[in-house]
Amino acid sequence: MTVETDQALDAFYRDVDAVGLAPLWTVTDQLLTPVPRPKSVPWLWSAETYRPLAARAIQLIPVERGGERRVLSLRNPGLGGRPYAAGTLWGAVQCLGGRETAPAHRHTPGAIRFVLEGEGVFTTVNGDACDMRPGDLVLTPGWAWHDHSSTSDASMLWFDGLDLPMIEALDGVFFQPHPENSQPVDGAHNRSEAAYGTAEGRFTDDQVTGALDPAPSPLLIYRWADTAAELDRRVAADPDAPTVAVEYTNPRSGASVLPTLACGMRRVIGGRSTAPRRRSGNQIFVVHRGTGHSVIDGQRFAWAPGDMFVVPSWSAVEHHAEQAADVFVLSDTPVLRALGIYREQTLTAPQEVTSTFVPQ
Ligand code: 1HN
């Protein structure tokens, strides 16, 4: 190239930049990647690490208006300090001490709770008080009023999953505090359970594939005993299967529990493994029961009850149970399916383990 062309190019790029334009051809390969390249990285937060910090938070930090919640978020180190577990998903540990109330509010992001340990808390969702016990899944759909109240001296820990990063990316976040610290409870507790708790269609094999619903599930609490019975039935029906899985579903439509979030439970038989797979969209796993390890993009993550780990979009993953394991999973799959861009792939061979994750 001639010196004149070089100078002309320099001047061109300067002039383009100065008026707020950007040339695509210099960044095409960063934007149009052959496969998803999430910024989040595979990561694990162990219960052994967060449990004592949750206990200290209960001692040190009051739950009040303004802060609203005593929540320790899973901060993925790939996301530049943002408090998100993955590009599309919020994940956290919430702690509520005995006799405390986390004030009532509502927001457009939708949330799910998966109860880890403790007793005596109910979450009120638009007037319906849902009693929470370990292993239960509780929904607080977008723009539903919700507050959490403890009625015992014990503290409670649960996993919070939200679509907050998605709603933020869509510039759709609205938030409102309730005029009262806790909203009024309409009559008896667990009204959605009384209406839908034994309804057909609360669980689907593996995952929802067809149904989409912009409305949330009318059932706001899915009991652990029911989830366990669903898994037991599938194991009994296919005793040689190394793993079975259910997705919690909206009994009215057969869709995922929220328009943006899918929740499931996978059981891996002790000593057995799942096939290596990858899928578009992000996933957060929460170990409910059992021990084992997962291999994510060649890295080995050992886990035990209460541990939480992230599998970013298109990362290869396989799970191995040492003791029979039940692992809860949260994903953004309904959004990818609604947009017609969901993909998944089963890999032909187990991954080679090239490194071992050391929890912090
Ligand atoms: C929220 O409202 C709760 O209601 C938990 O318990 C976690 C994380 C970000 C934004 C709002 C709750 C949250 C949250």
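Owing to the predicted nature of the structure, the values given are computational and were not obtained by experimental measurement.

### Regarding the confidence of the model for the chain
Next up, step 1: Averaged over all residues, the pLDDT of the chain is 97; the fraction at 70 or higher stands at 100%.
Next up, step 2: Taken element by element, the chain is modelled with least confidence in helix α2 (residues 28-31), mean pLDDT 95, and with most confidence in strand β19 (residues 308-311), mean pLDDT 99.

### A look at the sheet that holds strand β13 (residues 221-222)
Next up, step 1: Strand order across the open sheet formed by 6 strands is β2-β3-β10-β5-β8-β13, with antiparallel pairing between neighbours. Either end of the sheet is taken by a strand with one partner, and the two such strands are β2 (71-73) and β13.
Next up, step 2: Sheet analysis places strand β5 (residues 111-118) next to strand β8 (residues 137-140), joined by 4 bridges and oriented antiparallel. Bridge pairing links Phe114 to Leu137 in β8.

### Structural notes on the packing of aromatic side chains
Next up, step 1: Overall, the coordinates contain 13 aromatic pairs when judged by the stated rule.
Next up, step 2: Seen from their ring centres, Phe12 and Trp25 are 6.4 Å apart, and the 15° between their planes marks the pair as stacked. Remark: Trp25 occurs in the loop between α1 (3-18) and α2 and Phe12 occurs in helix α1; sequence separation between them is 13 residues.
Next up, step 3: Note on Phe285 and Phe309: the rings are 5.0 Å apart at their centroids and 10° apart in plane angle, and the pair reads as stacked. Taken together, the residues span a long stretch of sequence, with Phe285 in strand β17 (residues 283-296) and Phe309 in strand β19 at a distance of 24 residues. Here Phe285 and Phe309 have matching classes, each one buried.
Next up, step 4: Each member of the aromatic cluster is reached from another via a ring pair, and the members are Phe114, Phe159, Phe203, Tyr222, Tyr248 and Phe328.

### Some words on a nonpolar patch on the surface
Next up, step 1: The grouping of Leu9, Phe12, Tyr13 and Trp25 at the surface amounts to a nonpolar patch, some 400 Å² of accessible area in total.
Next up, step 2: Assignment of secondary structure puts Tyr13 in helix α1.
Next up, step 3: With a relative accessible area of 32%, Tyr13 lands in the partly exposed category.

### Concerning the environment of Phe328
Next up, step 1: The topology assignment puts Phe328 in strand β20 (residues 317-331).
Next up, step 2: Each C-alpha atom, one on Phe328 and one on Val286, is 5.0 Å from the other, the two residues being 42 residues apart in sequence.
Next up, step 3: In this view, Phe328 contacts Ile112, Phe114, Leu137, Phe159, Tyr248, Cys263, Gly264, Met265, Ile284, Phe285 and Val286; residues no more than four positions away in its chain are not counted.

### Quick look at the state of the cysteines
Next up, step 1: One pass over the structure, following the stated rule, counts 0 disulfides.
Next up, step 2: Residue Cys130 stays outside any disulfide, its sulfur separated by 14 Å from that of Cys263, the closest cysteine.
Next up, step 3: Exposure remark for Cys130: the relative accessible area of 0% places this residue in the buried category.

### Structural notes on the nonpolar core
Next up, step 1: Ile112, Phe159, Tyr248, Phe328 and Leu330 are the most contacted members of the largest nonpolar core, which has 70 residues in total.
Next up, step 2: Of all the elements, β20 adds the most residues to this core, at 7 residues.
Next up, step 3: If sequence neighbours within four positions are ignored, Leu330 has contacts with Leu89, Trp90, Ile112, Phe159, Gly161, Leu162, Leu261, Ala262, Cys263, Asn282, Gln283 and Ile284.
Next up, step 4: Of all hydrophobic cores here, the second largest spans 6 residues; its members include Trp90, Ala92, Ala111 and Leu162.

### Observations regarding the sheet that holds strand β4 (residues 101-107)
Next up, step 1: The 5 strands lie next to each other as β7-β6-β9-β4-β11, forming an open sheet whose pairing is antiparallel. One side of each edge strand has no neighbouring strand; the edge strands of this open sheet are β7 (128-132) and β11 (175-177). On average, adjacent strands in this sheet sit at an angle of 25° to one another, irrespective of strand direction.
Next up, step 2: Here strand β6 (residues 121-125) pairs with β7 via 5 bridges, running antiparallel. Bridged to Val125 within β7 is Asp128.

### Considerations on the pattern of salt bridges
Next up, step 1: All told, the structure shown has 18 salt bridges when counted by the stated rule.
Next up, step 2: Across the pair Asp136 and Arg223 runs a salt bridge, and its minimum N-O distance is 2.7 Å. Of the two residues, Asp136 sits in the loop between β7 and β8 while Arg223 sits in the loop between β13 and α6 (224-237), which places them 87 residues apart along the sequence. Residue Asp136 shares its accessibility class with Arg223, and that shared class is buried.
Next up, step 3: It is possible to trace a salt-bridge network through shared partners that takes in Asp205, Glu230, Arg233 and Arg234.

### Considering the site of the ligand
Next up, step 1: Near the ligand the following residues occur: Arg69, Trp90, Gln94, His105, His107, Arg113, His146, His148, Asp160, Leu162 and Leu164.
Next up, step 2: Here Gln94 contributes a side-chain N or O atom positioned 2.9 Å from an oxygen atom of the ligand.
Next up, step 3: Between the ligand and His148, the relevant distance is 2.6 Å, taken from an oxygen atom to a side-chain nitrogen or oxygen of the residue.
Next up, step 4: Notes on the ligand: free accessible area 330 Å², of which the protein chains cover 87%.
Next up, step 5: Of all the elements in the fold, those that place two or more residues in the shell around the ligand are β3 (90-96), β4, β9 (146-150) and β10 (156-162).
Next up, step 6: For the shell around the ligand, the residue count by class is 3 nonpolar, 5 polar and 3 charged.

Rules behind the numbers
- Residues numbered from 1 in each chain as written.
- Predicted model: local features only at pLDDT ≥ 70, side-chain atom pairs only at ≥ 80, totals over all residues.
- Heavy atoms only, no water.
- pLDDT = per-residue confidence, 0-100.
- Helix = DSSP H or I, 4+ residues; strand = E, 2+ residues; numbered from the N terminus.
- Pairing = 2+ DSSP bridges.
- Phe/Tyr/Trp six-rings, centres within 6.5 Å; stacked < 30°, edge-to-face > 60°.
- Buried < 20%, exposed > 50% of the residue type's maximum accessible area, 1.4 Å probe, protein only.
- Patch = residues over 30% accessible without salt bridge, like charges linked within 9 Å, V, L, I, M, F, W, Y side chains within 5 Å.
- Areas by Shrake-Rupley, 256 points an atom, 1.4 Å probe, with all protein chains shown as cover.
- Salt bridge = Lys/Arg side-chain N within 4 Å of Asp/Glu carboxyl O.
- Contact = heavy atoms within 4.5 Å.
- Disulfide = S-S within 2.5 Å.
- Core = buried A, V, L, I, M, F, W, Y, C linked by side-chain atoms within 4.5 Å.
- Axes fitted to C-alpha atoms, helices over the stretch in contact; angles between N-to-C directions.
- Near = heavy atom within 4 Å.
- Polar contact = N/O pair within 3.5 Å; in protein donor to acceptor, adjacent residues only side chain to side chain.
- Nonpolar A, V, L, I, M, F, W, Y, C, P; charged D, E, K, R; others polar.

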